[in-house]
Amino acid sequence: MSWVHDFWRSSIGGKTTMAVTGVLLFLFVIAHLLGNLQIFAGPKAINDYAKTLHDLGPLLWVARIGLLAIFVLHVLTAIRLSRANKAARPVAYAKEATVQASFASRSMLLSGLSLLAFVVYHLLHFTVGAVHAEDVALKGANFDVYAMVVASFSRLPVVIAYVGSQLMLFLHLQHGLQSFAQTLGLSHARYTPMIRSLSFFLAAAIAGGNILIALAPTLGLLQKGAA
Ligand code: HEM
């Protein structure tokens with residue numbers, strides 16, 4: 001399997017790995033948001049959705065392990081590429097354009113690492129129920145996701161943590177989508193402004209949708225009552 005490793009370590013292999021894993025994570029974030037938006041349809045809708053996912057049983061675990069592998073590969077490749085970039089540049093940049101590029105990649109690493117911290121916190125919160133354990137609510141053998149979301153986002157520090165991480169997600173997606181277009185070779189005077197606007201719109205829609213959920217109890221947007 002050394003050719004796989006050699007490909008991954010090459011510059012083009014690293015960029016391809018970032019693009020493919022990035023797109024898969026992007027699709028996950030969209031699917032996850034669409035699922036979670038069902039909270040606005042009431043307790044039954046979101047809890048039935050969560051139950052359907054859990055009833056997948058072993059299939060859910062295959063998806064979870066696949067998602068974890070994609071996520072780890074994305075993070076490790078980003079760290080390797082950023083190290084390789086630094087090693088190739090012993091002298092500071094002289095041109096402004098390259099300084100901007102370096103700022104963008106550094107902010108990608110920072111927003112990416114913040115998202116890594118968010119995902120760990122988020123899994124401990126909603127998947128394991130170890131963080132904010134006082135908000136854990138059960139419905140039969142499953143979590144009462146609706147009650148947990150309402151209880152969690154009724155507390156300001158949790159809302160701030162989620163909204164803050166969504167701002168990081170916005171920055172990361174917006175730049176990541178533009179980098180993806182560049183990896184595909186879509187860098188052209190005619191396309192670039194369009195790609196920039198589309199990346200902005202998609203990143204804002206995803207982060208905005210998540211923020212809307214986090215603010216829903218505060219804004220009184222959710223139905224009262226149990227599932
Ligand atoms: C306000 C925004 C969000 C809400 C309300 C939310 C809600 C949830 C809930 C309730 C679960 C547990 C599902 C279950 O086990 O029944 C979950 C799992 C998860 N969430 Fe989120 N989520 C949000 C944003 C995000 C974001 C932005 C990401 C990624 C960057 C993310 C990544 C994940 C992952 C990886 C899982 C684990 C999936 C699994 O184990 O099946 N979530 N989320």
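Quick summary incoming for the structure in this document. (Residues numbered from 1 in each chain as written. Predicted model: local features only at pLDDT ≥ 70, side-chain atom pairs only at ≥ 80, totals over all residues. Heavy atoms only, no water.)

Bound to the iron atom of the ligand are the protein donor atoms H32 (NE2) and H122 (NE2), situated 2.0 Å from the metal. Taken together, the six donor atoms surrounding the iron atom of the ligand define angles of 87 to 179° at the centre, an arrangement classified as octahedral. Here the residue H32 occupies a position in helix α2 (residues 11–36), and H122 occupies one in helix α5 (residues 96–127), the gap between them amounting to 90 residues. Residue H32 is classed as partly exposed on the basis of its relative accessible area of 29%. For H122, a relative accessible area of 18% puts it in the buried group. (Donors = N, O, S within 2.8 Å, 3.2 Å for Na, K, Ca; no water. Tetrahedral: all angles 85-135°; square planar, octahedral: opposite > 155°, others 65-115°. Helix = DSSP H or I, 4+ residues; strand = E, 2+ residues; numbered from the N terminus. Buried < 20%, exposed > 50% of the residue type's maximum accessible area, 1.4 Å probe, protein only.)

Our focus in this paragraph is the nonpolar core. I39, F126, V149, F153, Y162 and I213 are the most contacted members of the largest nonpolar core, which has 17 residues in total. In this structure, V149 is in contact with I39, F126 and I213, ignoring residues within four places of it in sequence. V29, L115, L169 and A207 belong to the second largest nonpolar core, which has 10 residues in total. (Core = buried A, V, L, I, M, F, W, Y, C linked by side-chain atoms within 4.5 Å. Contact = heavy atoms within 4.5 Å.)

A separate point is the pattern of salt bridges. Applying the stated criterion to the full structure yields four salt bridges. A salt bridge links R155 to E134; the nearest nitrogen and oxygen atoms lie 3.6 Å apart. Residue R155 is found in the loop between α6 (145–152) and α7 (156–183), and its partner E134 is found in the loop between α5 and β1 (138–139); the two are separated by 21 residues along the sequence. R155 gets classed as partly exposed once you look at its relative accessible area, which sits at 28%. Here R155 and D135 are joined by a salt bridge, their closest N and O atoms 2.3 Å apart. (Salt bridge = Lys/Arg side-chain N within 4 Å of Asp/Glu carboxyl O.)

With that settled, the discussion passes to the site of the ligand. In the vicinity of the ligand there are 19 residues, among which H32, N36, H54, R64 and H122 approach most closely. Side-chain polar atom of R64 to an oxygen atom of the ligand: 2.7 Å apart, as the coordinates give it. At the level of secondary structure, the elements contributing two or more residues to the shell around the ligand comprise α2, α3 (43–55), α4 (58–87), α5, α7 and α8 (192–219). Of the residues forming the shell around the ligand, the biggest block, six residues, is contributed by α5. Grouping the constituent residues of the shell around the ligand by class yields 11 nonpolar, seven polar and one charged. (Near = heavy atom within 4 Å. Polar contact = N/O pair within 3.5 Å; in protein donor to acceptor, adjacent residues only side chain to side chain. Nonpolar A, V, L, I, M, F, W, Y, C, P; charged D, E, K, R; others polar.)

Another point: the packing of helix α1 (residues 2–9) against α2. Where α1 contacts α2, the two axes come as close as 4 Å, and the packing angle between them is 85°. In terms of axis orientation, α1 runs roughly perpendicular to α2. For the pair formed by α1 and α2, the contact residues are F7, W8 and R9 on the first element and S11, G13, G14, T16 and T17 on the second. Along the lines of polarity and charge, the residues of the contact of α1 with α2 split into two nonpolar, five polar and one charged. (Axes fitted to C-alpha atoms, helices over the stretch in contact; angles between N-to-C directions. Parallel < 35°, antiparallel > 145°, perpendicular 65-115°, else oblique.)

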